Amino acid sequence: MKVTVVGAGAVGASCAEYIAIKNFASEVVLVDIKEGFAEGKAMDLMQTASLNGFDTKITGTTGDYGKTAGSDICVITSGIARKPGMSRDELLGINAGIVKTVAASLVEQSPNTIIIVVSNPMDTMTYLVHKATGLPKNRIIGMGGALDSARFKYRLAEALEAPISDVDGMVIGGHSDKGMVPLTRLATRNSVPVSEFLSEERLEQVKQDTKVGGATLTGLLGTSAWYAPGAAVSGMVQAIACDTKKIFPCSALLEGEYGLSGLCIGVPAVLGKNGIEKIVEINLSTEEKEALTSSAEAVKNNNAALTF
Ligand code: NAI
């Protein structure tokens, strides 16, 4: 199993590290545009192998896509990350050019690959990769909901004063502060609805804290987060590589599901060896449906700025 990660920055390197530590891939190739950067990150990570007990071979290259040939899964994290006070949408102009070029180089070397898009604004970048590569829709997947759901569970566990492993919850919709739809109605603690434990006001607070989860970290760190994004991507890569059929909320191309089409947005999906193997349609309340529809409108507005 060969995995390429383009962008050896904060998220790309974290993702490569988690993939290696889980020890399911034979090879991870890091690619960056900065001279020597991917090679350096790869060497540093390889020097953790004997300490962390993994056999995955990590290599790096400055833009030589020949080294990525035959990748089963490619992850795109290349581009600019937001700074405090910025929205993800402000990255569109610069990241669109980078993502489009990178996707073309990856597909040229690995025509059968599955691509996971991370660069922001992620739903729009995922749509761009669909349009620019023409790959089958199951093979292009955006990562956002897996991270947002992890942040939702963190906030729920905090409010419930419960262990995170006892908490379940999911965030669908666009990967943006306004567009996220945390499904508080369906969140559970040991299968019991969280509304049994938390007041409506507290749940609303959890929802708001989840939506600004990325912005809160950007304010603290001065740049966007990397551990949880890297872990979220590695979880999706593992589900595909090991054909686990786990459900992740992913940005997927919709063709009528949830009454939406012609965009990529976060919905629950079964991930396995074919990428997105099934989009799961859950019964949403009227309020949740409205929130998803308005999130989709915002994503479509962003998509209108793209050229293919
Ligand atoms: P970073 O700045 O640490 O790393 C980005 C890397 O991309 C840099 O090393 C840069 O040299 C490289 N790069 C730029 N152009 C390139 C090209 N043409 N080819 C190859 N490499 C190139 O940024 P970070 O924090 O790793 O974030 C990466 C992207 O992921 C950003 O767009 C950020 O907004 C996004 N992100 C998305 C998340 C999600 O949930 N979808 C979560 C966190 C970040």
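What counts, and where the lines are drawn
- Residues numbered from 1 in each chain as written.
- Predicted model: local features only at pLDDT ≥ 70, side-chain atom pairs only at ≥ 80, totals over all residues.
- Heavy atoms only, no water.
- UniProt positions renumbered as here; feature names shortened; annotations may be inferred.
- Phe/Tyr/Trp six-rings, centres within 6.5 Å; stacked < 30°, edge-to-face > 60°.
- Buried < 20%, exposed > 50% of the residue type's maximum accessible area, 1.4 Å probe, protein only.
- Lys NZ or Arg CZ within 6 Å of the ring centre and 35° of its normal.
- Near = heavy atom within 4 Å.
- Polar contact = N/O pair within 3.5 Å; in protein donor to acceptor, adjacent residues only side chain to side chain.
- Areas by Shrake-Rupley, 256 points an atom, 1.4 Å probe, with all protein chains shown as cover.
- Helix = DSSP H or I, 4+ residues; strand = E, 2+ residues; numbered from the N terminus.
- Nonpolar A, V, L, I, M, F, W, Y, C, P; charged D, E, K, R; others polar.
- Domains from an automatic or database assignment.
- Pairing = 2+ DSSP bridges.

The chain has the name Malate dehydrogenase in an unreviewed UniProt entry, where Tenacibaculum lutimaris is given as its organism. For the record of the chain, the UniProt heading Sequence similarities (unreviewed entry) holds the text "Belongs to the LDH/MDH superfamily. MDH type 3 family."

**Considerations on the packing of aromatic side chains**
Under the criterion given, the structure shown has 1 aromatic pair. With centroids separated by 5.7 Å and ring planes inclined at 50°, the aromatic side chains of Trp 226 and Tyr 227 adopt a geometry described as tilted. The class for Tyr 227 is exposed, based on a relative accessible area of 56%. Residue placement shows Lys 34 over the ring face of Phe 37; its charged tip is 3.9 Å from the ring centre.

**Description of the site of the ligand**
Near the ligand you find 28 residues, and of these Ala 10, Val 11, Asp 32, Ile 80 and Met 143 are the closest. For the ligand, an oxygen atom lies 2.9 Å from a polar atom in the side chain of Asn 120. Taken by itself the ligand offers 870 Å² of open surface, and the protein chains cover 86% of this. Only helix H1 (10-22) and helix H4 (92-109) provide two or more residues apiece to the shell around the ligand. Element by element, the count of residues in the shell around the ligand is highest for H4, at 3 residues. A per-class count over the shell around the ligand returns 16 nonpolar, 10 polar and 2 charged. Structurally, the shell around the ligand is a two-domain feature, drawing no fewer than three residues from each of domain 1 (2-143) and domain 2 (145-305).

**A look at the UniProt feature "domain: Lactate/malate dehydrogenase C-terminal" (unreviewed entry) in the chain**
Per the UniProt annotation, the sites labelled "domain: Lactate/malate dehydrogenase C-terminal" (unreviewed entry) are residues 147-302. The straight-line gap between the two end C-alpha atoms of residues 147-302 is 21 Å; of that span, 43% is helix and 25% is strand.

**Observations concerning the sheet that holds strand S10 (residues 188-189)**
Reading across from one edge, S7-S10-S11 is the order of the 3 strands in this open sheet, with antiparallel pairing throughout. Across the chains shown, the open sheet's two edge strands, defined by having one partner strand only, are strand S7 (167-168) and strand S11 (192-193). Sheet analysis places S7 next to S10, joined by 2 bridges and oriented antiparallel. Pairing of Asp 168 across the sheet is with Thr 188, part of S10.

**What to know about unusual backbone geometry**
Omega for the bond connecting Asn 120 with Pro 121 falls within 30 degrees of zero, at -5°, which places this linkage in the cis form. Checked against the element boundaries, Pro 121 lands in the loop between strand S5 (114-117) and helix H5 (122-133). Phi is positive for Asn 190, which is not a glycine, with a value near 45°. With respect to the helices and strands, Asn 190 occurs in the loop between S10 and S11. Even without a glycine there, the phi angle at Asp 243 is positive, about 55°. With respect to the secondary-structure elements, Asp 243 resides in the loop between helix H9 (227-241) and strand S12 (246-255). When its relative accessible area of 27% is taken as the criterion, Asp 243 is described as partly exposed.

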